[in-house]
Structure formats: structure tokens, C-alpha cells
Amino acid sequence: MKAITHRVALVSVAVLALQTLIGCSPVNIRCKVLPGEISTMAVVSASDPRFDEPGIADAEITVRQSGRAGRVVIRTTNDKGSVGVPLKGT
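Residues numbered from 1 in each chain as written. Predicted model: local features only at pLDDT ≥ 70, side-chain atom pairs only at ≥ 80, totals over all residues. Heavy atoms only, no water.

Q: Would you mind showing me how to read the confidence of the model for the protein chain here?
A: Low-pLDDT stretches of the model should not have their predicted coordinates read in fine detail. Residue-level pLDDT values for the protein chain average 74, and 68% of them are 70 or greater. Element-level mean pLDDT values for the protein chain span from 45 in helix 1 (residues 13–22) up to 88 in strand 5 (residues 72–76). Ignoring residues within four places in sequence, the model shows residues 1–7, a span with pLDDT below 50, making 19 contacts including any to other chains. Scored below 50 in pLDDT, residues 11–22 makes 26 contacts in the model with residues more than four places away or belonging to other chains. (pLDDT = per-residue confidence, 0-100. Helix = DSSP H or I, 4+ residues; strand = E, 2+ residues; numbered from the N terminus. Contact = heavy atoms within 4.5 Å.)

Take a look at the structure:
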């Protein structure tokens, strides 16, 4: 695991909106880790041009899903800095 000190993770808002529409169904959130000045996570449109930028490989993404009694999902980005995070319905 590589330590990443400056990163930005993008999450597709289209996937999150879909989860809202279908309620408790499982969803896969698409993420991209990019270099940046601060560590932050942003919800963006699926067509956001930053998804086309070079990402950071081997970055670890940890998601704690609320409503699932502390369920934690850990994934590592691929060579393009992208990763999918599967979440179960709440």
C-alpha cells in the first residue's frame, strides 16, 4: 500500500442519484483518485472531465457505510487510479 498525502477522489453523482431512486438496492460507486493540493472527496457528474485525467495507482479507498452497523469496504485503485466500491442496500 502506498501512502498518498495529496489526493482527490471523485464519485459519480449519477450512481448516487440512482441509489436514491431505487431505495435500498445495492450500488457500485465509481471513484478516481487524482493528485491535488488537499485531501477531499467530491460528488460529481458521471461526465466530469476529471475522470479522464491520469489518476494515482495503488491508492486505498476506505468507505464506511452508514446504516450497515459499521460495514467497511476497502478497495485499491488500478493502474489508472480508478476503482469501483460496491455498497449493499441499507
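Let us keep going from here.
Q: What is the right way to look at the side chain of Asp-48 in this model?
A: Relative to the assigned elements, Asp-48 resides in the loop between strand 3 (40–44) and strand 4 (60–64). The exposure class of Asp-48 is buried, given its relative accessible area of 13%. (Buried < 20%, exposed > 50% of the residue type's maximum accessible area, 1.4 Å probe, protein only.)

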